[in-house]
Amino acid sequence: MFSQINSFGLNGLDACLVTVEVDMARQLPGFEIVGLPDAAVKESRDRVRSSMRYCGLEFPQCKVVANLAPADMKKIGAIYDLPILMAVLGAMGHFAQECAHSAFVGELSLKGDVRPVSGVLPMVMQAKAEGLKRIFVPVDNVAEGAVVKGIEVYGVPDVSTLLQFLDGKGGLSPEPSPKVRENGVFYGDFCEVKGQQAAKRALEIAAAGGHNALLIGSPGAGKSMLAKRMPSILPPMTFQESIETTKIHSVAGQLSKDTPLCVHRPFRAPHHTVSPAGLSGGGSVPRPGEISLAHNGVLFLDELPEFSRPAMEILRQPMEDGRVTISRVSGTVSYPCSIMVVAAMNPCPCGYFGHPTRPCTCSQQQVSRYLSRVSGPLLDRLDLHIDVAPVEFEQLSSSQPEETSSAIRARVERARAIQTARYEKMGITCNARLTPSMLQEACPMTDDAVALLKKAFDKMGLSARAYDRIVKVARTIADLDGEERIGKTHIGQAVQYRSLDRKYWLNGKN
Ligand SMILES: Nc1ncnc2c1ncn2[C@@H]1O[C@H](COP(=O)(O)OP(=O)(O)OP(=O)(O)O)[C@@H](O)[C@H]1O
Ligand SMILES: [Mg+2]
Ligand SMILES: [Zn+2]
């Protein structure tokens, strides 16, 4: 007897249909799995056998061959346990009818419990695209699957319950789509940060233009606090962005039952000891790394100089391309990573260089060496350097209400709308993505703005690479003001955000 069952495998972020065929022949008893299975798939044999025994079913006393098609795709992990078991039952003459137009994914325990797997969201999306009527997934993953409308998604706790249901005795029902909480809690609101007007304004500019930013300040100045609130002033994710981000978290196995859909822009803050692979993704079963988990959101690099060189270097390409490619023996996968990078650092080893009251105890060389730990090309990609001065006591203790994130976000969204309209035909979305060749067209300046820019270069000793950055940031400031042309004040403000380019920092204390 022969039977076949639909299942799904992962290829990067996308799922593809895998057909599990089982054939039984009157030969010496045996159980084989073919079709490029890895070790975990081969071990399915034991889990399937044992699960059947636990459910009171006898494994057929003949030669059983399970084939996973297409044969040229590598099958990874234990997700094929459940479909293999169903295909074996089918070949024994059970439930063939009931399994038509259905798909199964899930790992089994020896006792027949169905264990969670990663990547259920893209699998359910693909099942729907294939025109299937229903899909059975592990009960722990059912919430993320149910996000997809137009297909019945069943959460299966164990094999017995599933068989009872297929037998027409009930016990399972399609999962309703989860209610998406529109106004869930962010990591915090900007109104909780007292004072810090200058830093808040700078972060508003960063959010408005999609600029990467570097916060520089003494310990306890509030850098981490400010950075964490960054997602709360970015425009809300579109449904499409939300699905994309959720897919990455699904494939990484990072979705919880309570948050089946990522509705807020992610905020990822990997520790500075993170390995390059932890950032970019990798592993024998390739998994998305921190860069991709931050897709459509913020990647926060706290204590930037403490990150290893290789870790910093690995960020360069993905920051530019919005995609990260991982090569493995099993093939190449690529994950999207459209991110905003916010980094934080102390200005010097002791932390108090430039502090209004506490003296810095570092030598000039120590300060330079500390700064030079940050990879140049990475520093180059951080458009805004934001000096975070410690907040004064009067402000900390003041009961004056501070502006909320949603008020700031409203201005950010207005500035983004201007950019969307301007770049409609240029293939970019925000000012941060302007290439040198686009600058001229997108950034017209008044004469006194040009004059000020020239003066800034001559007098302040700005580096050449600062030019593009200043113009882009000035473009965003002008957009926030609703101005078509970049004026003198916009340039003036933008220049302030290049503190690391000013010569005095590297060449001597002022
Ligand atoms: N402007 C502020 N308003 C309210 N609380 C603040 C402010 N600045 C700092 N704090 C308080 O100080 C704590 C420390 O701030 P935070 O951790 O953000 O500092 P940091 O600049 O990241 O320091 P480090 O360099 O040590 O990492 C915050 O958790 C917060 O409680
Ligand atoms: Mg901190
Ligand atoms: Zn110091």
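Reading guide: rules and limits
- Residues numbered from 1 in each chain as written.
- Chains lettered and ligands numbered in written order.
- Predicted model: local features only at pLDDT ≥ 70, side-chain atom pairs only at ≥ 80, totals over all residues.
- Helix = DSSP H or I, 4+ residues; strand = E, 2+ residues; numbered from the N terminus.
- Buried ≥ 20, exposed ≤ 12 C-beta atoms within 10 Å, placed from the backbone.
- Contact = placed C-beta atoms within 7 Å.
- Axes fitted to C-alpha atoms, helices over the stretch in contact; angles between N-to-C directions.
- Parallel < 35°, antiparallel > 145°, perpendicular 65-115°, else oblique.
- Left-handed = near helix turned anticlockwise from the far one by under 90°.
- Nonpolar A, V, L, I, M, F, W, Y, C, P; charged D, E, K, R; others polar.
- Domains from an automatic or database assignment.
- Pairing = 2+ DSSP bridges.
- Near = placed C-beta within 6 Å.
- Expected span 1.5 Å × (residues − 1).
- pLDDT = per-residue confidence, 0-100.

## Overview of the overall build of the protein chain
For the protein chain, the helix and strand inventory stands at 22 helices and 18 strands. Projected onto its principal axes, the C-alpha positions of the protein chain cover 90 × 50 × 40 Å. Counting the 510 residues in the protein chain, one finds 45% classified as buried. For the protein chain, restricting intrachain contacts to residue pairs at least 6 apart in sequence, the fraction spanning at least 24 positions comes to 73%.

## Section: unusual backbone geometry
The residue after alanine 69, namely proline 70, is reached through a cis peptide bond having omega 5°. Despite not being glycine, leucine 36 shows a phi value in the positive range, around 55°. Overall, the presence of 16 C-beta atoms within 10 Å leaves leucine 36 in the partly exposed class. Within the chain, asparagine 296 stands out as a residue other than glycine whose phi angle is a positive 70°. With respect to the helices and strands, asparagine 296 occurs in the loop between α12 (290-293) and β14 (298-301).

## Regarding helix α7 (residues 159-169)
Along α7, the residues classified as buried are Val159, Thr161, Leu162 and Leu163. For α7, the elements touching its buried residues are α2 (44-54), α3 (81-91), β6 (107-108), β7 (114-115), β8 (134-138) and β9 (152-156). Positive backbone phi, at 75°, marks glycine 170, one or two positions downstream of α7.

## Comments concerning the packing of helix α8 (residues 197-209) against helix α17 (residues 405-422)
Running from N to C, α8 and α17 point in directions that differ by 40°, and their axes come no closer than 8 Å. Taken together, the axes of α8 and α17 lie oblique to each other. In this structure, α8 crosses over α17, and the sense of that crossing is right-handed. Residues Glu204, Ala207 and Ala208 of α8 form the contact with α17, whose participating residues are Ile408, Arg411, Val412, Ala415 and Arg416. For the contact of α8 with α17, the per-class residue count stands at five nonpolar, no polar and three charged.

## Some details on the domain arrangement of the protein chain
Splitting the protein chain by domain gives domain 1 (2-169), domain 2 (190-420) and domain 3 (434-510). Look at where the C-alpha atoms of domain 1 and domain 3 centre, and you get two points 59 Å apart.

## Focus: the sheet that holds β14
Strands sit in the order β11-β14-β17-β10-β18 across an open sheet of five strands; the sheet is parallel. Edge positions in the sheet fall to β11 (267-268) and β18 (384-388), since each of these pairs with one other strand and no more. Pairing between strand β10 (residues 213-217) and strand β17 (residues 340-345): four bridges, direction parallel. Bridged to leucine 214 within β17 is alanine 343. Of the strands in this sheet, β10 and β18 are in contact with α8, which crosses β18 at around 160°.

## What to know about the environment of methionine 52
Checked against the element boundaries, methionine 52 lands in helix α2. Taking the C-alpha atoms as reference, methionine 52 lies 8.3 Å from lysine 111; in sequence the two are 59 residues apart. Those residues in contact with methionine 52, other than ones at most four positions away along the chain, are Leu57, Phe59 and Leu85.

## What about the site of ligand 1?
Neighbouring ligand 1 are 15 residues, the closest being Pro219, Gly222, Lys223, Ser224 and Met225. Classifying every residue of the shell around ligand 1 by side-chain character gives six nonpolar, seven polar and two charged.

## A short note on the environment of glutamate 144
Position of glutamate 144 among the secondary structure elements: in helix α6 (residues 142-145). On the basis of neighbour counts, which here come to 31 C-beta atoms within 10 Å, the residue glutamate 144 falls in the buried class. A sequence separation of 44 residues divides glutamate 144 from glycine 188, and the C-alpha atoms of the two residues are 25 Å apart. Not counting chain neighbours up to four residues away, the residues in contact with glutamate 144 comprise Val120, Leu121, Thr246, Ser250, Leu255 and Pro260.

## Focus on helix α19 (residues 447-460)
Here α19 contains 14 residues, and its C-alpha end-to-end distance of 20 Å stays within 8% of the 20 Å for a straight helix at 1.5 Å per residue. Tucked inside the fold, the buried residues of α19 contact α20 (466-480) and α21 (488-496). At the C-terminal side of α19, glycine 461 shows a positive phi close to 65°.

## Observations regarding the packing of α2 against α3
Interhelical geometry of α2 versus α3 gives an angle of 60° and a closest axis separation of 10 Å. It follows from the interaxial angle that α2 and α3 lie oblique. Our pair here, α2 against α3, has a crossing hand that is right-handed. Contacts between α2 and α3 pair Ser44, Arg47, Val48, Ser51 and Met52 from the former with Asp81, Ile84, Leu85 and Val88 from the latter. Of the residues contributing to the contact of α2 with α3, the split by class is five nonpolar, two polar and two charged.

## Regarding the environment of arginine 201
Looking at the secondary structure, you find arginine 201 in helix α8. For the pair arginine 201 and isoleucine 386, spaced 185 residues apart in sequence, the C-alpha to C-alpha distance is 9.8 Å.

## Things to note about the confidence of the model for the protein chain
On average, residues of the protein chain score 89 in pLDDT, and 96% of them are at 70 or above. Per-element confidence in the protein chain ranges from a low mean pLDDT of 46 for helix α22 (residues 503-507) to a high of 97 for strand β5 (residues 102-104).

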